[in-house]
Structures are given as C-alpha cells and as structure tokens.
Amino acid sequence: METNADLDSRPSAIGSRAIHTVPVIDISELAGEIHRDLASVQQIADACRKLGFFQVINHGVHNDVFEQVWEQTRAFFALPAEQKEKVLRTGENPWGYYNNELTKNQRDKKEVFDYTTDGVDAVYGAENRWPDFDQRFRPTLESYRDECASLSLRLLQAMSAALVLDPQFLNPLFDPEHTGFVRLNYYPVEDPLEGRDDVAHLDVADLGIHHHADAGALTVLLQDSVAGLQVFNSGLWYDVPPIAGALVINTGDMMQVWSNDHYRAPIHRVLAMEATERYSIPFFFNPSADATIRPLPAMVSADRPARYRPIEWKDFRSRRTDGDYADYGPEVQIAQFRIVD
Ligand code: OGA
Ligand code: NI
C-alpha cells in the first residue's frame, strides 16, 4: 500500500505533458431549471468522473462580496496572536481559530478560522465564536456562507441530475439543515508555531495542507492569486491555477459514496508557502446531521453492487474533526466502509 510520504513525493505534472487540466465551466444556466440535458450539467458530470475538480464562472456571487470577505479575512489573520487565540477552538467546540491542525496526523503549515450555521449546530451542539475586532466581520461572513450554500445546492442538483435524472433527489439529505461550514485558511511563509514549546505536534509542517479528500458532499473554494493547490491523478500532482472571479469546486467523500465510485473524491493538497503568503476560503457543503449516506439505488446494479456500507454522517464528521484537532490515532476514511468483494 502507498504511504502518505510516497504519495506526497510523486512529481508534479509539467505543462505539455499534463493529460488533465482543470476545466472551467460557465454555470449561468444553473440559475434556471436544472436538468440532465444542460451543457453545464454534462460538463460538471464529466469533471466529477475525471478529476473531481473544476472551476465555475458566472456563478452569481458578486465581486464586491469577494472583496469584503477578503478584507475581513486578511484583517483577522493580521491580528496579534493573543487576540486570535481569544476565539481558539477547543476539543468540545471546533468553531473558531486554530493554528495546530493535523491532516492525516501530520501538522499543516497554516492558520484557520471555522464557522458554521447560526445557533447551536447539530453535530457538536456548539455555537460559532466571533472575534470582536470589526463589527462587519460576522455579517460579511454569514452572508458569504449563505451564498455558498445556495450555490452548493445548485451544484448538488446538477450532479444529482447527471447521476439519477432527478435534480432534487439528494435534497432531503440536507434537510432540515445542512451541516456545512466555511473555513478561512491562511498559509503563512513563516511557521506560526516556530519556536513555541507549549504546543504539541511540532514535527515538520512541510506542506500548507497535507493530502486529503474533503469529507462531505462538495466544496466551493475561493482562492486568492497565489498558486499552491494541487490535485492528484494517475501518479501526478496537477495545479489548480487561480483564476480571478472563479470558484473552484471539488467533490467530497459522500459524493463518492452516493455515486458508488462513478464520481471520485479527489485527493488534493496545498504546498507550503516559501515566498508569498496565501489565503483561501473553502465552504464545505455537508449533509444534515442525521443523514445516512449510502450508494444511490440507481447507481447500484448486479454488475456493480453497492461498494460501501451505510455511513452515519454525524458520526463520520465528528470523528474526522477529532482527528484534525489532535492525534487520536488514524483518521476516519471512507475506505473503512468499503465492501471488499
Ligand atoms: C481544505 C483545502 C485548499 C486550499 O481546506 O480542505 O483543501 O486551496 N484547501 O486552501
Ligand atoms: Ni480540502
């Protein structure tokens, strides 16, 4: 079996030798009725089968929204450490700031701020922590979250229409409320924990974020103009280049399970920043807390029986979060639910 280190030492694809590029899809038609015959639905399905990553333009989120979100994000990470640590994440409540995150039990060279839906969330029973340095921080980020959720629902419907015809098929699994969340990522050039002796897991943070697949249904990512995100495919790492005004979309583990492996949750990572700091803002669109995820009936046949046992989303999600926070042994992966034949 390939180990983490093996995968991360694979080469990056170089220009003309690259077989894959990340497609850019115009999704303006998803603002109307979504059905399988739309060109963008076909392009999305194709991207989900091949690389699992694509970029969208004409997605309906305005540039001034992005600008306000960037302004607040930069201002937050620029605060002194003590001020950021006032909203520090804890073992019981994962919302807020963190600078010692693990991916597959390796520390990442980054700082993050996570927030979710309003009120007490249905996975952890916890509420968002908001810093008070700027009155605009909270409303700006709350409305960005809501825009991402509505865009995600349209993308989910496109993916669903391509798989099972019915664009609404997966909607009930996101009711009464999705458990998605937004993460502000800051990838500094200097290691934020360099020289600190009061924190655990100080081993080398040699990547911005170690390779992983996102756990949920799909991810909507806003990245700044600094490159660093890469997706793994057939032995090589491919760049996901920044495009001004575009959003990067990738499928997650639960989409892989629903589609019974027709769509793959892509493995991706972010290189450590050496010269220029980088910011990115993923929105992870996740099912409702009580959803059970299993291959969709239309994706299962005698030739291709169900490849996964049912997964209780709340349990899967909270175990993955525990693994990101601290080293509690191997992180939960969908491979553990795979039915081996
Ligand atoms: C993540 C992630 C990519 C990026 O936070 O899960 O993959 O570009 N981020 O920051
Ligand atoms: Ni990711």
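Above this note sits the structure.
Residues numbered from 1 in each chain as written. Chains lettered and ligands numbered in written order. Predicted model: local features only at pLDDT ≥ 70, side-chain atom pairs only at ≥ 80, totals over all residues. Heavy atoms only, no water.

A.B. asks: An account of the packing of aromatic side chains is requested, with residue identities and associated values reported.
C.D. replies: Considering all chains together, one arrives at 24 aromatic pairs under this definition. Centroid distance Phe174 to Phe285: 4.6 Å. Interplanar angle 15 degrees. Geometry classified as stacked. Taken together, the residues span a long stretch of sequence, with Phe174 in the loop between helix H5 (137-164) and strand E7 (181-187) and Phe285 in strand E14 (residues 278-285) at a distance of 111 residues. Exposure remark for Phe174: the relative accessible area of 5% places this residue in the buried category. Site record: aromatic cluster; members linked through ring pairs are Phe76, Phe77, Tyr97, Phe113, Tyr115, Trp130, Phe133, Phe137, Tyr186 and Tyr279. Above the face of the Tyr98 ring, Arg89 is positioned so that its terminal group lies 4.9 Å from the ring centre. (Phe/Tyr/Trp six-rings, centres within 6.5 Å; stacked < 30°, edge-to-face > 60°. Helix = DSSP H or I, 4+ residues; strand = E, 2+ residues; numbered from the N terminus. Buried < 20%, exposed > 50% of the residue type's maximum accessible area, 1.4 Å probe, protein only. Lys NZ or Arg CZ within 6 Å of the ring centre and 35° of its normal.)

A.B. asks: Describe the site of ligand 1, naming the residues involved and giving the relevant values.
C.D. replies: Around ligand 1 there are 13 residues in total, and Tyr187, His212, His268, Arg278 and Ser280 lie nearest to it. Take His212: an N or O atom from its side chain is 3.0 Å from an oxygen atom of ligand 1. In the environment of ligand 1, an oxygen atom lies 2.9 Å from a nitrogen or oxygen atom belonging to the side chain of Arg278. If ligand 1 stood free it would expose 290 Å²; the protein chains cover 96% of that surface. Listed by contribution, the elements that provide at least two residues to the shell around ligand 1 are E7, strand E8 (207-212), strand E13 (268-271) and E14. Among the elements that line the shell around ligand 1, the one with the most residues is E14, at four residues. (Near = heavy atom within 4 Å. Polar contact = N/O pair within 3.5 Å; in protein donor to acceptor, adjacent residues only side chain to side chain. Areas by Shrake-Rupley, 256 points an atom, 1.4 Å probe, with all protein chains shown as cover.)

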